[in-house]
Amino acid sequence: MDDVGRLQDVERRVLGLLVEREAVRAELSTRYKYIMVDEYQDTNRIQAAIVKLLADAHKNVLVVGDDAQSIYSFRAATVRNILDFPDEFPGTRIVKLEENYRSTQPILEATNRVIAESKERHEKNLFSQRTGGQRPQVVPCMDEDEQSD
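Residues numbered from 1 in each chain as written. Predicted model: local features only at pLDDT ≥ 70, side-chain atom pairs only at ≥ 80, totals over all residues. Heavy atoms only, no water.

What follows deals with the overall build of the chain. Regarding its fold elements, the chain presents six helices and two strands. Against the compact-globule benchmark of 15 Å for 149 residues, the chain has a radius of gyration of 20 Å, which places it well outside the compact range. Overall size of the chain, expressed as C-alpha extent along the three principal axes, is 60 × 40 × 25 Å. Burial status across the chain gives 28% buried among its 149 residues. For the chain, the proportion of contacts with a sequence separation of at least 24, taken over those separated by at least 6, is 73%. Surface exposure of the chain reaches about 11100 Å², of which carbon and sulfur atoms provide 51%. Both charge centroids of the chain, one from 21 positive and one from 27 negative side chains, sit 7 Å from each other. (Helix = DSSP H or I, 4+ residues; strand = E, 2+ residues; numbered from the N terminus. Rg over C-alpha atoms; globule rule 2.2 N^0.38 Å. Buried < 20%, exposed > 50% of the residue type's maximum accessible area, 1.4 Å probe, protein only. Contact = heavy atoms within 4.5 Å. Areas by Shrake-Rupley, 256 points an atom, 1.4 Å probe, with all protein chains shown as cover. Lys, Arg positive; Asp, Glu negative; His and termini not counted. Charge placed at Lys NZ, Arg CZ, Asp CG, Glu CD.)

Have a look at this one:
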């Protein structure tokens, strides 16, 4: 079994424990008043279920993530977790961090156009105070060396 398989096995066991042993779930849920998950867009369904069960007593969950950066579907991560979070936790407040301090506005304009093509997403409009810079270009490369150049 590879590392991903072992991790998923552990996750399934933890979920089973929380579902089957109400006393364990109640103890953990009561003990941890606040739960924070970073990169929530890269969680899988089992991990999201674990978070929900651990938050059962207090419902104090803060997740950080960006639906436009979900990259771990190969290990069963699903962007649905972050998209459905407000439905799973009624009263959710979404705080959008749309100002980008690293990229220039021409890059973000291209990024916004790509993100807008996604059918399932949280609305956002990335912007920057850095107005200069070239527009991004598509540059075809034949191999990794050419790409590096």
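Right, let's get into the packing of helix 1 (residues 3-20) against helix 3 (residues 45-54). Relative to each other, helix 1 and helix 3 sit at 30°, their axes nearing to 10 Å. It follows from the interaxial angle that helix 1 and helix 3 lie roughly parallel. In this structure, the crossing between helix 1 and helix 3 has a hand that is left-handed. For the pair formed by helix 1 and helix 3, the contact residues are Glu 11, Arg 12, Val 14, Leu 15, Leu 18 and Val 19 on the first element and Ile 46, Gln 47, Ala 49, Ile 50, Leu 53 and Leu 54 on the second. In terms of residue class, the contact of helix 1 with helix 3 is made up of nine nonpolar, one polar and two charged. (Axes fitted to C-alpha atoms, helices over the stretch in contact; angles between N-to-C directions. Parallel < 35°, antiparallel > 145°, perpendicular 65-115°, else oblique. Left-handed = near helix turned anticlockwise from the far one by under 90°. Nonpolar A, V, L, I, M, F, W, Y, C, P; charged D, E, K, R; others polar.)

The next thing to look at is the layout of surface pockets. Using a probe with the size of a water molecule, rolled over the atoms, empty space left in the structure can be pinpointed. Roughly 1300 Å³ of volume is contained in the largest pocket. Lining the largest pocket are 38 residues, with Val 64, Gly 65, Asp 66, Val 95 and Leu 97 positioned closest to its centre. Those elements giving two or more residues to the lining of the largest pocket turn out to be strand 2 (61-63), helix 4 (80-88) and helix 5 (105-116). (1 Å grid on protein atoms, 1.4 Å probe; cavity = no way out; pocket = protein on both sides within 12 Å on 5 of 7 lines; lining within 4 Å. Points joined across faces, edges and corners; volume = space filled by probe spheres on them.)

So, on to the environment of Leu 15. Structurally, Leu 15 can be placed in helix 1. Once the C-alpha coordinates of Leu 15 and Thr 131 are considered, the two residues, 116 residues apart in sequence, prove to be 48 Å apart.

As a further point, take the packing of aromatic side chains. For the structure shown, the criterion picks out three aromatic pairs. Taking the centre distance of 5.6 Å and the plane angle of 80° together, the rings of Tyr 40 and Phe 85 count as edge-to-face. Residue Tyr 40 is found in the loop between strand 1 (35-37) and helix 3, and its partner Phe 85 is found in helix 4; the two are separated by 45 residues along the sequence. Phe 85 matches Tyr 40 in its accessibility class, with the two residues each being buried. Seen in terms of ring centroids, Tyr 72 and Phe 74 are 5.5 Å apart; in terms of plane orientation they differ by 50°. Their pairing is tilted. It is Arg 75 that lies over the ring of Tyr 72; its NZ or CZ is 5.0 Å from the centre. (Phe/Tyr/Trp six-rings, centres within 6.5 Å; stacked < 30°, edge-to-face > 60°. Lys NZ or Arg CZ within 6 Å of the ring centre and 35° of its normal.)

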